[in-house]
Amino acid sequence: MVSNLSKLEEVNVLASDASWAWPEALRCIFRPRGVNLLVAENATDFVNIIERRRIHTTIVDMDSEQSNGLATIRIIRMDYPLVPCLLLASSAGKSLLGKALRLDVFSVIDKPVDMHILRQQLNRLFIKKYDSDIFR
């Protein structure tokens, strides 16, 4: 499969900030693929960045110190219902999965994040939504 995302098109992924090595770990997946990582500290940052840039997906941390992940996704959904969201959670019980499903979250990924699983989910999302195998 050939990537349909033009070489000229900027690919942007917006993720929750973290006090640990999370943003750098993401950059290791994204840099070789030419994907830009943008980082948001809270729900307001997510919306402000989405307003200004074309965002292909968000990766929201349920356990962020700055904001609750589901609340962040709810806020994103108000104005940007079609932006795909991945949710990271340290405990993904039935209740959380049900709420994530109602918010049309593409995938819930357990923490600590297995980067191979994250890349698989990003690959599924980009193939389904953008017909692109950029994360293969």
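Definitions and cut-offs
Residues numbered from 1 in each chain as written. Predicted model: local features only at pLDDT ≥ 70, side-chain atom pairs only at ≥ 80, totals over all residues. Heavy atoms only, no water. Pairing = 2+ DSSP bridges. Helix = DSSP H or I, 4+ residues; strand = E, 2+ residues; numbered from the N terminus. Right-handed = clockwise from strand over helix to strand, strands pointing away. 1 Å grid on protein atoms, 1.4 Å probe; cavity = no way out; pocket = protein on both sides within 12 Å on 5 of 7 lines; lining within 4 Å. Points joined across faces, edges and corners; volume = space filled by probe spheres on them. Nonpolar A, V, L, I, M, F, W, Y, C, P; charged D, E, K, R; others polar. Buried < 20%, exposed > 50% of the residue type's maximum accessible area, 1.4 Å probe, protein only. Axes fitted to C-alpha atoms, helices over the stretch in contact; angles between N-to-C directions. Parallel < 35°, antiparallel > 145°, perpendicular 65-115°, else oblique. Left-handed = near helix turned anticlockwise from the far one by under 90°. Contact = heavy atoms within 4.5 Å. Polar contact = N/O pair within 3.5 Å; in protein donor to acceptor, adjacent residues only side chain to side chain.

A. Local environment of the pairing of strand E2 (residues 35-40). In this structure, strand E1 (residues 11-16) lies alongside E2, joined through six bridges in parallel fashion. Paired with Val-13 across the two strands is Leu-37, which belongs to E2. Following the chain from E1 across helix H1 (residues 22-30) to the adjacent parallel E2, one finds a crossover that is right-handed.

B. Up close: empty space enclosed by the protein. According to the stated counting rule, one finds one cavity of 30 Å³ or more in the structure shown. Computed from the structure, the largest cavity encloses a volume of approximately 40 Å³. Lining the largest cavity, in full, are Ser-16, Asp-17, Ala-40, Glu-41, Asn-42, Phe-46, Val-60, Asp-61, Ser-64, Ser-67, Gly-69 and Thr-72. Its residues placed into classes, the lining of the largest cavity shows three nonpolar, six polar and three charged.

C. Looking closely at the side chain of Ser-132. Within the fold, Ser-132 resides in the segment after helix H5 (115-130). Judged by its relative accessible area of 0%, Ser-132 falls in the buried class.

D. Broad picture of the sheet that holds strand E5 (residues 107-110). One open sheet holds the five strands; their spatial order is E2-E1-E3-E4-E5, and the pairing between them is parallel. At either margin of the open sheet sits one strand with a lone partner, and together these are E2 and E5. Across the sheet, the mean angle separating the axes of adjacent strands is 20° when strand polarity is ignored. Two strands pair when backbone bridges link them, and strand E3 (residues 57-61) and strand E4 (residues 85-89) are joined in this way by four bridges, in the parallel orientation. Within E4, the residue paired with Ile-59 across the bridge is Leu-86.

E. Layout of the packing of helix H2 (residues 43-52) against helix H3 (residues 69-79). Packing of H2 against H3 brings their axes to within 9 Å, and their N-to-C directions diverge by 30°. On the basis of the axis angle, H2 is roughly parallel to H3. For the element pair H2 and H3, the recorded crossing hand is right-handed. Every residue of H3 that contacts H2 at Ala-43, Phe-46, Val-47 and Ile-50 is listed here: Thr-72, Ile-75 and Ile-76. Residues that form the contact of H2 with H3 fall into these classes: six nonpolar, one polar and no charged.

F. View of the side chain of Asp-61. Assignment of secondary structure puts Asp-61 in strand E3. On the basis of relative accessibility, which here comes to 5%, the residue Asp-61 falls in the buried class. Engagement of the side chain of Asp-61 in a polar contact is seen with the side chain of Lys-111, the distance being 2.9 Å. Setting aside its immediate chain neighbours within four residues, Asp-61 contacts Ser-16, Ser-67, Gly-69, Leu-88 and Lys-111.

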